[in-house]
Amino acid sequence: MDPKKLPSAPPADWNPGEKPYMDQPPPYQDCRAGYDPPPGYPNQPVFPQDLPYGAPYGQQYEGHVQPLFVGQQIVTVQPTVFVTAGAKREQDYLCYSIFTMLCCCLPLGIAALVFSIKTRDANLRGDNQRAKKNSQTACMLNSAAVAIGIVVFVVNCLRLIY
């Protein structure tokens, strides 16, 4: 198969030694191609903080002009204020749950820890009813775990004595 007969082959009269398209680039032009140069810009308005204190609007100070254009409105932008209600956060009993899990009763301590974490998540979501329910459950499980831990401790102490 001859590579000169392929459809992507260069034309037959092409000479690789000639470089007709490699002349010097055209000279730099000040205008953009085909467009008029941009018109001069009018005096740009300055920000109020650039003017001296108490300066009336529309006067010239230190080379700055603050003109009012026809139909121009003055807009004052104020910062956004987010108002949130001071929602009561329910206690999550997280430290109490970790203590009961490690020192008193492991199964009830784990369950109390799960409800403590659910309470914290509900507080962050702002779901006060769910947070209160989970908080009460965690407190109840923690109290039961401490009671069981005390009973087991007393029974083991009595067993060692007698």
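Please refer to the structure higher up on the page.
A brief structural summary. Here the structure is a predicted model, which is why all the values come from computation and not from measurement.

Looking now at the pattern of salt bridges. Evaluation of the coordinates by the stated rule reveals three salt bridges. Between R120 and D92 there is a salt bridge, and its shortest N-O distance comes to 2.9 Å. Of this pair, R120 sits in helix α2 (residues 106-125) while D92 sits in the loop between β2 (64-65) and α1 (94-103), and the two are 28 residues apart along the sequence. Looking at D92, the relative accessible area reads 15%, which means it is buried.

Taking 1.5 Å per residue as the helical rise, helix α3 (residues 128-161) with its 34 residues ought to reach 50 Å, and the 49 Å between its terminal C-alpha atoms agrees with that figure. Taken residue by residue, α3 has A131, N134, S135, T137, A138, L141, N142, A145, V146 and G149 as its buried positions. Buried residues along α3 sit against α1 and α2.

Right, let's get into a nonpolar patch on the surface. Nonpolar side chains collect at one region of the surface, where I150, F153, V154, L158, I161 and Y162 lie side by side and expose about 720 Å² of accessible area between them. One can find F153 in helix α3.

Below, the discussion takes up the side chain of T119. With respect to the element layout, T119 can be found in helix α2. For T119, a relative accessible area of 0% corresponds to the buried category. Contact partners of T119, with chain neighbours within four places excluded, come to E90, Q91, D92, A131, N134 and S135.

So, how was this worked out
Residues numbered from 1 in each chain as written. Predicted model: local features only at pLDDT ≥ 70, side-chain atom pairs only at ≥ 80, totals over all residues. Heavy atoms only, no water. Salt bridge = Lys/Arg side-chain N within 4 Å of Asp/Glu carboxyl O. Helix = DSSP H or I, 4+ residues; strand = E, 2+ residues; numbered from the N terminus. Buried < 20%, exposed > 50% of the residue type's maximum accessible area, 1.4 Å probe, protein only. Expected span 1.5 Å × (residues − 1). Contact = heavy atoms within 4.5 Å. Patch = residues over 30% accessible without salt bridge, like charges linked within 9 Å, V, L, I, M, F, W, Y side chains within 5 Å. Areas by Shrake-Rupley, 256 points an atom, 1.4 Å probe, with all protein chains shown as cover.

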